[in-house]
Amino acid sequence: MRRNANDLYPLTSLLHLMSKLKREGQLNMKVLIVGANGKIGKMIVDKLHESDQHSVRAMVRKPEQANALDMKGVEACLTDLEGPIEAIQNALEGIDAVIFSAGSGGKTGYDKTLAIDLDGAVKVMDAAKEVGVDRFVMVSAMNSDDRAAWDNEEMKPYNIAKYYADRCLKQSGLTYTILRPGLLKDDPATGKIEVATNLPGGAISREDVAEVAIASLSNEATFNKEFDLLNGDTPIDEALKNI
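Described in the following lines is the structure provided in the data block.

Reading the values: the criteria
- Residues numbered from 1 in each chain as written.
- Predicted model: local features only at pLDDT ≥ 70, side-chain atom pairs only at ≥ 80, totals over all residues.
- Heavy atoms only, no water.
- Helix = DSSP H or I, 4+ residues; strand = E, 2+ residues; numbered from the N terminus.
- Buried < 20%, exposed > 50% of the residue type's maximum accessible area, 1.4 Å probe, protein only.
- Core = buried A, V, L, I, M, F, W, Y, C linked by side-chain atoms within 4.5 Å.
- Contact = heavy atoms within 4.5 Å.
- Salt bridge = Lys/Arg side-chain N within 4 Å of Asp/Glu carboxyl O.
- Pairing = 2+ DSSP bridges.
- Phe/Tyr/Trp six-rings, centres within 6.5 Å; stacked < 30°, edge-to-face > 60°.
- Expected span 1.5 Å × (residues − 1).
- Bend = angle between axes of the 7 residues up to and from the residue.

## Considerations on the overall build of the protein
So, point 1. Looking only at helices and strands, one finds eight helices and 12 strands in the protein.
So, point 2. When the 243 residues of the protein are sorted by exposure, 49% land in the buried category.

## Quick word on the nonpolar core
So, point 1. Within the largest apolar cluster, 34 residues are counted, with the highest numbers of intra-cluster contacts made by Ile-33, Ile-44 and Ile-99.
So, point 2. If we ignore the near neighbours within four places in the chain, the residues touching Ile-44 are Ile-33, Ile-99, Ala-210, Ala-213 and Ile-214.
So, point 3. One finds Ala-91, Met-125, Ala-161 and Ile-178 within the second-largest nonpolar core, a separate group that totals 29 residues.

## Some points on the pattern of salt bridges
So, point 1. Enumeration according to the criterion identifies 14 salt bridges in this entry.
So, point 2. Notably, a salt bridge pairs Lys-72 with Asp-46, separated by 2.8 Å at the nearest N-O pair. Note that Lys-72 is positioned in the loop between helix H3 (63-71) and strand E4 (75-78) and Asp-46 in helix H2 (residues 39-49), a separation of 26 residues in sequence.
So, point 3. Judged by its relative accessible area of 45%, Lys-72 falls in the partly exposed class.
So, point 4. Taking relative accessible area as the criterion, Asp-46 reaches 29% and is therefore assigned partly exposed.
So, point 5. Its salt-bridge partner being Arg-206, residue Asp-186 comes within 2.8 Å of it at the nearest N-O pair. Taken as a pair, Asp-186 in the loop between strand E8 (183-185) and strand E9 (192-196) and Arg-206 in helix H7 (residues 206-216) lie far apart in primary sequence, 20 residues in all.
So, point 6. Residue classification places Arg-206 among the buried positions, given a relative accessible area of 16%.

## A look at the pairing of strand E7 (residues 175-181)
So, point 1. Of all seven residues in E7, seven are buried, a share of seventy percent or more.
So, point 2. Summarising the sheet, strand E6 (residues 135-139) and E7 pair through five bridges and their orientation is parallel. Residue pairing for E7: Met-138 is matched across the bridge by Ile-178.
So, point 3. Bridge count between E7 and strand E11 (residues 225-231): five bridges; the pairing is parallel. Directly across from Arg-180, in E11, lies its bridge partner Asp-228.

## Some thoughts on the packing of aromatic side chains
So, point 1. One pass over the full model with this rule turns up three aromatic pairs.
So, point 2. A centroid spacing of 6.4 Å and a plane angle of 20 degrees characterise the contact between Phe-100 and Phe-136, whose relative ring orientation is stacked. Linking Phe-100 in strand E5 (residues 97-100) with Phe-136 in strand E6, this pair joins segments that are 36 residues apart in sequence.
So, point 3. Taking the centre distance of 4.8 Å and the plane angle of 80 degrees together, the rings of Tyr-163 and Tyr-164 count as edge-to-face.
So, point 4. By relative accessible area, Tyr-164 is classed as partly exposed at 31%.

## Thoughts on helix H5 (residues 110-131)
Owing to its 3.6 residues per turn, the α-helix brings residues three or four apart onto one side.
So, point 1. Over its 22 residues, H5 extends 30 Å from the first C-alpha to the last, a length consistent with the 32 Å expected when each residue adds 1.5 Å.
So, point 2. Along H5, the largest kink reaches about 35 degrees and is centred on Asp-119.

## Considering unusual backbone geometry
So, point 1. Of note in the backbone geometry, Asn-143 takes a positive phi value of approximately 75 degrees without being a glycine.
So, point 2. With respect to the helices, strands and loops of the structure, Asn-143 is situated in the loop between E6 and helix H6 (156-170).
So, point 3. With a relative accessible area of 32%, Asn-143 lands in the partly exposed category.
So, point 4. Even without being glycine, Asn-224 reaches a positive phi, approximately 55 degrees.

In short, shape yes, function no, at least from these values alone.
Below you can see the structure in the form of structure tokens.
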């Protein structure tokens, strides 16, 4: 099925979410995936679609993308991050949580980086607050929180966009988790990771990032936390418990 596309204080938001998860036994959250046509986004959508714990709505901007999802039985909403915020609010109707994995991609200019990675992210946050969606998982990037590490001039606009998007999320009052994965690989998931506030450079498979994003949704240990993320030796659930 395709859809067309009062601020809470942080403590109130967290208590509301925890109460909701307890009532529902941490089950049956309906999750909006923003950036559902990206590599990580597609994996998240597929995993949630096959899940018996959560359900999914995939947000995409092209009719052919929505049609492909419809054919797979995935609920899709046709919404452009560069469009009006009201359309994003419509996409969020009936949603319990957001996973934001959208990105402008390496082939676009700096204008798209600002429009998607920064302004698009903030518009989704604002829309979520307006319609009462509390839970927000952000797929960010390693070193986005450290200006001293922005030594690649080509990547600097991307890092700046991620820095301020993450900062806005932390100040939003939403119950957030910010994932900062290292170098992304297309290898199969290992199911084992390393997480910490600051990690040295390293890599992680996109599929493991998708698994961590999903695992974070209802894991209270990740609420209002941000952390670096690499492949490692610890099973995902165990690693997240010890953040």
